[in-house]
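Close look at the chain arrangement
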Amino acid sequence: MEGWLRSIAHEAAYIPYAVTNLSVALDGSFPLADEELRAAGELSPATLSLVQDNPEGSRQNWIRAKFLYSRLELLRDRDDQFKPVMRQPENERAFSFVRDQRDALAKELDRGDPDEGTTRKIDAFKNALAVFLASILWRACENETAVNAKLRSLRLNVSTPAPRSPATFMFHLMFYLGATASVFLVALKIRSMQFHDESVEQKWHLTLAFLVFLLAAFFVNRWREKELASGDWKYSSDVIIRCTIVTTIVVTLISSLVAFAVHQGGSGRFYAMLLMAFGMALPSTLLFQLLMRWAATSTPTREAVAARVGYRANRPELFRTALYAGGIYSAIAFVFAFVLYWPSDYTIVNSTPLQYVESAITSLNNISAASAAKKEDDRWFNDTAPHAAIRELDTKLHELKSNIANRTYKPDLLAAIVAECDIMGDLGGGRRLFKRGCELSEYLKTIPFKGDVLPNLYNLQGQITNLKPKFAALHNYVTLVNAVHRQWPNALLASLMWAVMAGVFAVSVLLYRRQELWDGLTLRKLPDFVPKGPQEREAWLREPLYDLAKLSPLEALRYPTFRARLADNMNAQPSSQPSVPHLRTVA
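Residues numbered from 1 in each chain as written. Predicted model: local features only at pLDDT ≥ 70, side-chain atom pairs only at ≥ 80, totals over all residues. Heavy atoms only, no water.

This part covers the overall build of the chain. When its secondary structure is counted, the chain shows 24 helices and four strands. At 34 Å, the chain has a C-alpha radius of gyration far larger than the 25 Å of a compact globule built from 587 residues. When its C-alpha atoms are laid out on the principal axes, the chain stretches across 110 × 60 × 40 Å. In the chain, which comprises 587 residues, the share counted as buried stands at 48%. Pairs at least 24 residues apart make up 75% of the contacts formed inside the chain by residues separated by at least 6 positions. With the model as given, the accessible surface of the chain reaches about 27900 Å², and the carbon-plus-sulfur share is 58%. The chain carries 67 positive and 59 negative side-chain charges, and their two centres are separated by 2 Å. (Helix = DSSP H or I, 4+ residues; strand = E, 2+ residues; numbered from the N terminus. Rg over C-alpha atoms; globule rule 2.2 N^0.38 Å. Buried < 20%, exposed > 50% of the residue type's maximum accessible area, 1.4 Å probe, protein only. Contact = heavy atoms within 4.5 Å. Areas by Shrake-Rupley, 256 points an atom, 1.4 Å probe, with all protein chains shown as cover. Lys, Arg positive; Asp, Glu negative; His and termini not counted. Charge placed at Lys NZ, Arg CZ, Asp CG, Glu CD.)

Take the state of the cysteines next. In total, this model carries one disulfide according to the counting rule given. The disulfide bridge from Cys 421 ends at Cys 438, spanning 1.9 Å between sulfur atoms. Between Cys 421 and Cys 438 the disulfide shows an S-S torsion of about 50 degrees. By sign, it is right-handed. Taken together, the positions of Cys 421 in helix α18 (residues 411-424) and Cys 438 in the loop between β3 (434-435) and β4 (439-440) put the pair 17 residues apart, joining distant regions of the chain. Using a relative accessible area of 0% as the deciding quantity, one classes Cys 421 as buried. A residue is classified by how much of its surface remains accessible, and Cys 438, at 0% relative accessible area, is buried. (Disulfide = S-S within 2.5 Å.)

What follows concerns the packing of aromatic side chains. To describe a pair of aromatic rings, one takes the distance between the centres and the angle between the planes. Applying the stated criterion across every chain yields a total of 16 aromatic pairs. Each ring, one from Tyr 341 and one from Trp 342, has its centre 5.4 Å from the other, and the planes form 85 degrees; the classification is edge-to-face. The class of Tyr 341 is buried, set by a relative accessible area of 0%. On the accessibility criterion, Trp 342 (14% relative accessible area) is buried. What links up through ring pairs into an aromatic cluster is the set Phe 213, Phe 288, Tyr 329, Trp 498 and Phe 505. (Phe/Tyr/Trp six-rings, centres within 6.5 Å; stacked < 30°, edge-to-face > 60°.)

Before going further, it helps to examine helix α20 (residues 453-473). A rise of 1.5 Å per residue sets the reference length of α20, with its 21 residues, at 30 Å; its end C-alpha atoms lie 31 Å apart and thus fit the reference within 8%. Among the residues of α20, those classed as buried are Val 453, Leu 454, Asn 456, Leu 457, Leu 460, Gln 461, Gln 463, Ile 464, Leu 467, Phe 471 and Ala 473. (Expected span 1.5 Å × (residues − 1).)

See the structure below:
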């Protein structure tokens, strides 16, 4: 019902974001005075007593829903400005639909106190009315001032909250993850300059880790907030696994494409990125739910203690929680990255040489074609071109291509290719295009860069030069023992990068969510069913409730739907429990 009405509202409204923001305010727990009760048809001594004693709850939400419905009726039947909008066909259908839902819910409530299913229907009905009413107000009013004036005339004492944007959260993560990646990049650069090893080739793991953790936090947090705001949140394995799989696929595709756009490296590296991203995003999205639960049961901030919401800022306990969360994330990331490193690196090592060989063959064919064209700009090469060496080099390259495709490692063949490259570069008379080892010569650099031969000569030399270490790397994977013996430093380095990034991610998310939850509460925002003693209040806020989908009250109080269910949960407890005082009027 909510989704259907929301789609109508978004189609009809001129400002959908403003509609959504206003609907959140209308769906909140606004005060219920005599006028609201009278408009809802609920003004009686029993209802007055209920509302005064218990401002929150499912019955109270039902009264608020009926009051919102009465405002829609008022706009439809008595307001000349809104009658044309309300009488439009799509709005007539929506109004008839909510009227039928109201009647059906009224019959259910007449049979007794609402059960869990009825409570969910009340929440959905109230949310749908809020969306419908917000869309009508924005469609008929010219601007926000007119909307606020109409809200006052309808006796709707609500204030539009600032929209909850994930931007602050994402900037927080980007700063810490980016700083960690930058430290690693500097260390890799220094190591490469000092030892001239190939550890810098592992830097794509840093880019991929940055994207995987950032996107995992964004998508899972958005899904989680949506479920909590709508009241559909369930802490069950099937729901969490479904969310994990969907978000993992999305995170894998986006992070792999962006990382590959940054680092390139051929199809082998892209497939390696896909494998690594999927393997690392899966545990990251799955553990994110636990991270949110740990944050919702963590110790209060100093600001919360100063505001007397919390009792004591227990730094040692916070340190242990952060260390535990970061340690769990780091350990799992290290194991997964170490295991996934071998197939991903093998994919790169096994495919990259073939790509360089194919590119070299293409460049050599282009040189032959340009030589046959006999252009004036290529005359310096055509007059003394060693065509026999070109043909021999082409033969050797095709032979190497066949060997790589057949998983055959022959290092002598690469040496023969380098030798033929040297022969091809000898134009006679002391003119050499390449130095020994198929390296660029000073003579080649003096030739004006024009024609078709020279660009392809540069390409050919670069491809053969890059082919040498990539082909030699194939020897590392002749056997598994040889691979472990030669590649374990790089495997440990890549695993360490993932582990450190995971630890920083976990701690930063935990601390941010903890601060967001605790600093968002004040004594004035707490309902009366919250324990009055500071120590008892803190313990109650941090304790997850099984009947509330394992949410802690600290988190549940942020969302109107769960705020009402929390009140129902407290009312259902035996009054003899000392830690749960009797409900009183909200200040």
